[in-house]
Amino acid sequence: MANMIKATVLSILLFWLLAVIIGRVLGLHGNEVDLHQVLANPSWQHWFGADDLGRDILARILRGVEVSFLVALGVTTVTMTVGVTIGLLAGFYGGKLDKVLMQITDIFLAFPGILLAIAFAAVLGPGIFNLMIALCLTGWVSYARLTRAQTLSLRNRQHVLASESLGAKPLRLMRYHIFPLLLPVLIVEATYSVASIMIAEASLSFLGLGIQAPNASWGAMLRDAVRYMLVAPHYVLLVGASLMSLILAINLGGDYLRDKLDIASSSANEI
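Summary of the structure given here.

### What to know about the side chain of histidine 234
Thought 1: Looking at the element boundaries, histidine 234 is found in helix α9 (residues 233-260).
Thought 2: The buried category is assigned to histidine 234, whose relative accessible area is 10%.
Thought 3: When near neighbours in sequence (up to four residues on either side) are disregarded, histidine 234 contacts Leu39, Ala40, Asn41, Pro42, Phe48, Gly49, Ala50 and Ile57.

This is the structure:
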């Protein structure tokens, strides 16, 4: 079963990687307007058909996946860095610092993440950079709480106490003795986070708060496609299936990594 999941994930991700590379080599950008091909059905000329402006849907889907990965990887890198730093400091030092940092975290947790991202995006304005800022402002919370919980359990490990008794500084203890043990859990969390950020980016773009025309975004394409669902169902189905396949592959990859790294049993041992 695990090998089948691994093969499925690799196949889907490899397909999208090759598709993006081929699209780049062929110079597909999906911004060419052809009013004679408005809402055209799939054909040899347009494999996925054309949108409401006669633009090639396949070309725009390929550009959309580039944008999704750019946003997801950028936001994941920033949120993981911030969240892990906050969680390490709170779990390692404890006391008042832990209380203050966790109270700030609880304030952000009091609001649904996507609604908070919508609020930030509405204040900052549309655009890919502002979209990434809005998602970064809300995405660090899960990393902070996860890292703090794991650090609390690792803080009193014998090898940590032994290094501390030999004069190791707090920074060295966190960097070399605690953080490496957090990596398996953080890798799995980051995998799920990438999928969540892609969905959030599509949601904000669907609402007009994310990627702006003429740049391609799966969320914006779905927003345009639902208006023509009855006359051009292939438009919304192909864009939706593309988004679903990529998110499914990433989530399955997260499940595979969780089982491979034995996160559940290692967490149980900590308890």
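### Points about the pattern of salt bridges
Thought 1: A complete count under the given rule lists 11 salt bridges for this structure.
Thought 2: Of the charged contacts in the structure, one is a salt bridge between aspartate 106 and arginine 145, with a shortest N-O distance of 3.1 Å. Of this pair, aspartate 106 sits in helix α3 (residues 95-109) while arginine 145 is found in helix α5 (residues 128-154), placing the two residues 39 residues apart along the sequence.
Thought 3: Overall, aspartate 106 belongs to the partly exposed group, its relative accessible area being 39%.
Thought 4: You can call arginine 145 partly exposed: its relative accessible area is 39%.

### With respect to the layout of surface pockets
By rolling a water-sized probe across the atoms, one finds the places where empty space is left.
Thought 1: In this structure, the largest pocket occupies an estimated 640 Å³ of space.
Thought 2: Taken together, 31 residues line the largest pocket, and the ones lying closest to its centre are Leu28, Asp56, Leu58, Ala59 and Leu62.
Thought 3: For the lining of the largest pocket, the element with the highest residue contribution is helix α1 (residues 2-26), accounting for 8 residues.
Thought 4: Split into classes, the residues belonging to the lining of the largest pocket amount to 17 nonpolar, 10 polar and 4 charged.
Thought 5: The computed volume of the second largest pocket comes to approximately 390 Å³.
Thought 6: Gly113, Thr138, Gly139, Ser196 and Ile197 are the residues nearest the centre of the second largest pocket, which is lined by 21 residues in total.
Thought 7: For the lining of the second largest pocket, the secondary structure elements donating two or more residues are α2 (57-93), α3, α4 (113-124), α5 and α7 (170-206).
Thought 8: Taken together, the residues that form the lining of the second largest pocket break down as 13 nonpolar, 7 polar and 1 charged.

### Some words on the packing of α2 against α5
Thought 1: Contact geometry for α2 and α5: axes closest at 6 Å, N-to-C directions at 35°. α5 is crossed by α2, and the crossing has right-handed handedness.
Thought 2: Its residues assigned to classes, the contact of α2 with α5 comprises 21 nonpolar, 9 polar and 1 charged.

### What to know about the environment of valine 82
Thought 1: Topologically, valine 82 is positioned in helix α2.
Thought 2: In the structure, valine 82 is positioned 10 residues away from phenylalanine 92 in sequence and 15 Å away in space, judged by C-alpha atoms.

About the thresholds
- Residues numbered from 1 in each chain as written.
- Predicted model: local features only at pLDDT ≥ 70, side-chain atom pairs only at ≥ 80, totals over all residues.
- Heavy atoms only, no water.
- Helix = DSSP H or I, 4+ residues; strand = E, 2+ residues; numbered from the N terminus.
- Buried < 20%, exposed > 50% of the residue type's maximum accessible area, 1.4 Å probe, protein only.
- Contact = heavy atoms within 4.5 Å.
- Salt bridge = Lys/Arg side-chain N within 4 Å of Asp/Glu carboxyl O.
- 1 Å grid on protein atoms, 1.4 Å probe; cavity = no way out; pocket = protein on both sides within 12 Å on 5 of 7 lines; lining within 4 Å.
- Points joined across faces, edges and corners; volume = space filled by probe spheres on them.
- Nonpolar A, V, L, I, M, F, W, Y, C, P; charged D, E, K, R; others polar.
- Axes fitted to C-alpha atoms, helices over the stretch in contact; angles between N-to-C directions.
- Left-handed = near helix turned anticlockwise from the far one by under 90°.

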